[in-house]
Amino acid sequence: MQYWLMKSEPDVFGIDDLADCPNQTDHWDGVRNYQARNMMRDQMQQGDQVLFYHSNTKVPGVVGIAEVVREGYPDHTAFDPEDPHYDPKSDPDNPRWYMVDIRFVRKLDRTISLTELKELKDRPEMADMPLVRKGNRLSVMPVTPEQWQFILGLE
DNA sequence: GCCAACGTTGGC
DNA sequence: GCCAACGTTGGC
């Protein structure tokens, strides 16, 4: 079992939206970055735990926990010309983009803000966490067990 | 809303 | 294969 962090803009799809979905489950569509794609397609497994992160908002930070319930499969939104994430280069016979399904587990009692995590970035537990490094734009990233424990220990 | 960082594209 | 131009991400 592995740990991950996934970013989402709460104005588009936040932790409460996930909790409101049927079965509290939704597909993580729209990722159009190869590094993130590779992780969803090749590495994420059923049962993996996910830190749900709100980006591009007033207080960016970790707001909840989710769980991977379906492993990588083709992102159908890439095939739909009407979809904002349409990619004509993705062919249903040879899909370019993949997604996973995640299910809501719980909200944190409070937001563990990016500011707070940055202040703690020199802690040994937080070593090599892409999230707190400058210029990081990866929307799906692996989280070490140490990072997982440490971050949730702040709750 | 600004803009730095960074990934992707396409001309050569 | 290089790299300038461009688009996007995402913090502030």
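Keep in mind that this is a model prediction, so the values were computed, not measured.

**Quick look at the protein's contact with DNA strand C**
- Taken together, Lys7, Tyr53, Ser55, Asn56, Pro60, Leu114, Lys118, Asn136, Arg137 and Leu138 form the complete shell of residues around DNA strand C.
- Near the protein, meaning within 4 Å, the atoms of DNA strand C are sugar or phosphate in a fraction of 73%, with bases accounting for the rest.
- Within the side chain of Lys7, one N or O atom sits 3.1 Å away from a phosphate oxygen of DNA strand C.
- Separating a phosphate oxygen of DNA strand C from a side-chain N or O atom of Lys118 is a distance of 3.2 Å.
- For the surface near DNA strand C, the residue count by class is 4 nonpolar, 3 polar and 3 charged.

**Quick word on the side chain of Ser8**
- Take Ser8: it is sitting in strand β1 (residues 3–8).
- Within the structure, Ser8 has its side chain in polar contact with the backbone oxygen of Phe13 (distance 2.5 Å).
- Here Ser8 is in contact with Phe13, Trp28, Phe52, Tyr53, His54 and Ser55, once residues within four sequence places are set aside.

**As for the pattern of salt bridges**
- Applying the stated criterion to the full structure yields 5 salt bridges.
- With a shortest N-O distance of 2.9 Å, Asp16 and Lys107 are connected by a salt bridge. In this pair, Asp16 sits in helix α2 (residues 15–20) while Lys107 sits in strand β5 (residues 98–113), placing the two residues 91 residues apart along the sequence.
- Asp16 sits in the partly exposed class, given a relative accessible area of 42%.

**What about the protein's contact with DNA strand B?**
- Around DNA strand B, the structure places Tyr34, Lys89, Lys134, Gly135 and Arg137.
- When atoms of DNA strand B within 4 Å of the protein are split into backbone and base, the sugar-phosphate part holds 69%.
- Within the side chain of Lys134, an N or O atom sits 3.0 Å from a phosphate oxygen of DNA strand B.
- Each residue belonging to the surface near DNA strand B can be placed in one class, and the counts come to 1 nonpolar, 1 polar and 3 charged.

**Quick word on the UniProt feature "domain: EVE" (unreviewed entry) in chain A**
- With numbering aligned to this structure, UniProt lists the feature "domain: EVE" (unreviewed entry) at residues 2–153.
- In residues 2–153, the share of helix is 23% and the share of strand is 32%. The end C-alpha atoms are 18 Å apart.

**Side note on the pairing of strand β3 (residues 49–54)**
- Where burial is concerned, most of β3 is hidden: 6 out of the 6 residues are buried.
- Here β3 pairs with strand β4 (residues 61–74) via 6 bridges, running antiparallel. Paired with Val50 across the bridge in β4 is Ala66.
- Linking β3 back to β4 in an antiparallel pair, the connection comprises 6 residues, with Asn56 at a positive phi of about 55 degrees.

Analysis parameters
- Residues numbered from 1 in each chain as written.
- Chains lettered and ligands numbered in written order.
- Predicted model: local features only at pLDDT ≥ 70, side-chain atom pairs only at ≥ 80, totals over all residues.
- Heavy atoms only, no water.
- Near = heavy atom within 4 Å.
- Polar contact = N/O pair within 3.5 Å; in protein donor to acceptor, adjacent residues only side chain to side chain.
- Nonpolar A, V, L, I, M, F, W, Y, C, P; charged D, E, K, R; others polar.
- Helix = DSSP H or I, 4+ residues; strand = E, 2+ residues; numbered from the N terminus.
- Contact = heavy atoms within 4.5 Å.
- Salt bridge = Lys/Arg side-chain N within 4 Å of Asp/Glu carboxyl O.
- Buried < 20%, exposed > 50% of the residue type's maximum accessible area, 1.4 Å probe, protein only.
- UniProt positions renumbered as here; feature names shortened; annotations may be inferred.
- Pairing = 2+ DSSP bridges.

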